[in-house]
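Residue-level listing of the chains:
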Amino acid sequence: MTTARTLGGYAPGRLTTHRTPGDIHGVTRALRHSGRKINLVPTMGALHEGHRALIRNARRTPGATVTVVSIFVNPLQFGAGEDLERYPRPLEADLQACQEEGAELVFLPGVEDMYPEGADTTVVPGQRGDVLEGAFRPGHFAGVLTVVAKLFHIVAPDTAFFGEKDYQQLRLVTKMAKDLDIPTAVVGVPTVREPDGLALSSRNVYLSPDERGRAVTLHRALTAGAAISAEGPDAVLAAANAVLAEEPALKVEYLALTDPDLGPSPQPGQRARLLVAARIGSTRLIDNVSVQL
Ligand code: PAF
């Protein structure tokens, strides 16, 4: 018989937090045995409307589902000199957001729970991990895939939800699940934007009011490129580059048009992805849109 006790305190509609991998694993296993499907929304906290959309998508999955949100600022995916220390950690507000959106389990491990002393095995991304973000943030995707693989094993979700804003991450996680036979379906959820088009990101809080005003140029550039898509890949890149060049405060790291799997050769008549990364002041922002060539 499954009771609240055997389900680790789980009660429908009530938010519970779980710190250790063994604890959350036991609860999700018992729930699965009682006929529930498990959804996972992996996050690093500082939850905004984009994360809320992920949780809402998870909650909309048909059937008897339970939604788990993981909150863990994963040190493995931050390079030297990146913002690991200052990454926002507003835990109370995050738990409230989980509660409001109807998540029922929060996995909240410490670094020592995820990476006990001596743990040094990591996931090596395939070749798509070396381009774009991978070229500017060496080791980043090894860190992302390692923590996501661990979360998939610990929570054993039927379905996991990732934002399209981190498009390369979404593709690499999808590929990892396929290549490593992890039986979790990976679902991408469209980017949520401010009214002026800026993609929501936990890092937007770093922007000064002046930088915030200028940051929308990224979205304007992507939109300008997408608008001219019928004229082919060169025209798309030229239009987007022209908009980026209007804003001297932006230090562009890359602007790229790829096929949907991040390959270098988008085909005329097919869907493609237009991706950009830029620094504004000390903040690094990324964004992307789908383009029909
Ligand atoms: O997208 C994020 O917030 C992180 O990269 C993820 C997927 C939670 C892994 O730490």
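Notes on the structure follow.

About the criteria used
Residues numbered from 1 in each chain as written. Predicted model: local features only at pLDDT ≥ 70, side-chain atom pairs only at ≥ 80, totals over all residues. Heavy atoms only, no water. Pairing = 2+ DSSP bridges. Helix = DSSP H or I, 4+ residues; strand = E, 2+ residues; numbered from the N terminus. Axes fitted to C-alpha atoms, helices over the stretch in contact; angles between N-to-C directions. Contact = heavy atoms within 4.5 Å. Left-handed = near helix turned anticlockwise from the far one by under 90°. Nonpolar A, V, L, I, M, F, W, Y, C, P; charged D, E, K, R; others polar. Buried < 20%, exposed > 50% of the residue type's maximum accessible area, 1.4 Å probe, protein only. Right-handed = clockwise from strand over helix to strand, strands pointing away. Salt bridge = Lys/Arg side-chain N within 4 Å of Asp/Glu carboxyl O. Near = heavy atom within 4 Å. Polar contact = N/O pair within 3.5 Å; in protein donor to acceptor, adjacent residues only side chain to side chain. Areas by Shrake-Rupley, 256 points an atom, 1.4 Å probe, with all protein chains shown as cover.

### Details of the sheet that holds strand β9 (residues 283–292)
For step 1, the next point in the chain: Ordered by their spatial adjacency, 3 strands build an open sheet running β7-β8-β9, and the pairing between neighbours is antiparallel. Unpaired on one side and paired on the other, β7 (250–258) and β9 mark the two borders of the sheet. Sheet twist, expressed as the mean angle between neighbouring strand axes with direction ignored, is 15°.
For step 2, the next point in the chain: As defined by bridge partners, strand β8 (residues 271–280) adjoins β9 across 10 bridges and the pair is classed as antiparallel. When the bridges of β9 are listed, alanine 277 appears paired with isoleucine 286.
For step 3, the next point in the chain: Against the sheet, helix α10 (residues 233–245) engages β7, β8 and β9, with an angle of about 165° to β7.

### Focus: the sheet that holds strand β4 (residues 105–107)
For step 1, the next point in the chain: On the basis of which strands lie adjacent, the open sheet formed by 6 strands has the order β1-β4-β3-β2-β5-β6 and parallel pairing. Where the open sheet ends on each side, the last strands, each with one partner, are β1 (16–18) and β6 (185–189). In this sheet, adjacent strand axes meet at a mean angle of 25° when their direction is disregarded.
For step 2, the next point in the chain: With 3 bridges joining them, β1 and β4 adopt parallel strand pairing. Bridge pairing in β4 places threonine 16 opposite leucine 105.
For step 3, the next point in the chain: On the sheet, helix α1 (residues 21–33) packs against β1, β2 (37–43), β3 (65–71) and β4 and is oriented at approximately 150° with respect to β4.

### A closer look at the packing of helix α2 (residues 49–59) against helix α3 (residues 91–101)
For step 1, the next point in the chain: Contact geometry of α2 with α3 gives a least axis separation of 10 Å together with a crossing angle of 30°. For the pair α2 and α3, the sense of crossing is right-handed. Taking contact as the criterion, the partners of Arg52, Ile55, Arg56 and Arg59 in α2 are, on α3, Ala97, Cys98, Glu100 and Glu101.
For step 2, the next point in the chain: Of the residues that constitute the contact of α2 with α3, the class distribution is 3 nonpolar, no polar and 5 charged.

### Considering the pairing of β3
For step 1, the next point in the chain: Along β3, 7 of the 7 residues are buried, which leaves the element largely enclosed by surrounding structure.
For step 2, the next point in the chain: Across the two faces of β3 the burial is the same, with Thr65, Thr67, Val69 and Ile71 and Val66, Val68 and Ser70 all buried.
For step 3, the next point in the chain: When β2 meets β3, the two strands line up parallel, connected through 7 bridges. When the sheet's bridge partners are listed, isoleucine 38 is paired in β3 with valine 66.
For step 4, the next point in the chain: Once you follow β2 into α2 and on to β3, the crossover reads as right-handed.
For step 5, the next point in the chain: Strand direction decides the pairing type here: β3 and β4, joined by 3 bridges, are parallel. Along β4, the bridge assignment pairs valine 68 with leucine 105.
For step 6, the next point in the chain: In terms of handedness, the path from β3 via α3 over to β4 forms a crossover that is right-handed.

### Some thoughts on unusual backbone geometry
For step 1, the next point in the chain: In this model, leucine 132 sits at a positive phi of 50°, which is unusual for a non-glycine residue.
For step 2, the next point in the chain: Examined against the element boundaries, leucine 132 turns out to sit in the loop between α4 (111–114) and α5 (133–136).
For step 3, the next point in the chain: A positive phi angle is found at alanine 156, which is not glycine, with a value near 50°.
For step 4, the next point in the chain: Residue placement: alanine 156 occurs in the loop between α6 (140–155) and β5 (159–163).

### A word on the pattern of salt bridges
For step 1, the next point in the chain: Taken as a whole and assessed by the stated rule, the structure comprises 19 salt bridges.
For step 2, the next point in the chain: The shortest N-O distance in the salt bridge between glutamate 49 and arginine 56 comes to 2.6 Å.
For step 3, the next point in the chain: In this structure, the salt-bridge partner of arginine 284 is glutamate 253, at a minimum N-O distance of 2.7 Å. Note that arginine 284 is positioned in strand β9 and glutamate 253 in strand β7, a separation of 31 residues in sequence. When sorted by exposure, arginine 284 lands in the same class as glutamate 253, which is buried.

### With respect to the site of the ligand
For step 1, the next point in the chain: Taken together, Pro42, Thr43, Met44, Asn74, Gln77, Val147, Phe162 and Gln169 are the residues near the ligand.
For step 2, the next point in the chain: A distance of 2.6 Å is found between an oxygen atom of the ligand and a side-chain nitrogen or oxygen belonging to glutamine 77.
For step 3, the next point in the chain: Considering the ligand on its own, with 290 Å² of exposed area, one finds that the protein chains cover 89% of that surface.
For step 4, the next point in the chain: A class-by-class count of the residues in the shell around the ligand yields 4 nonpolar, 4 polar and no charged.

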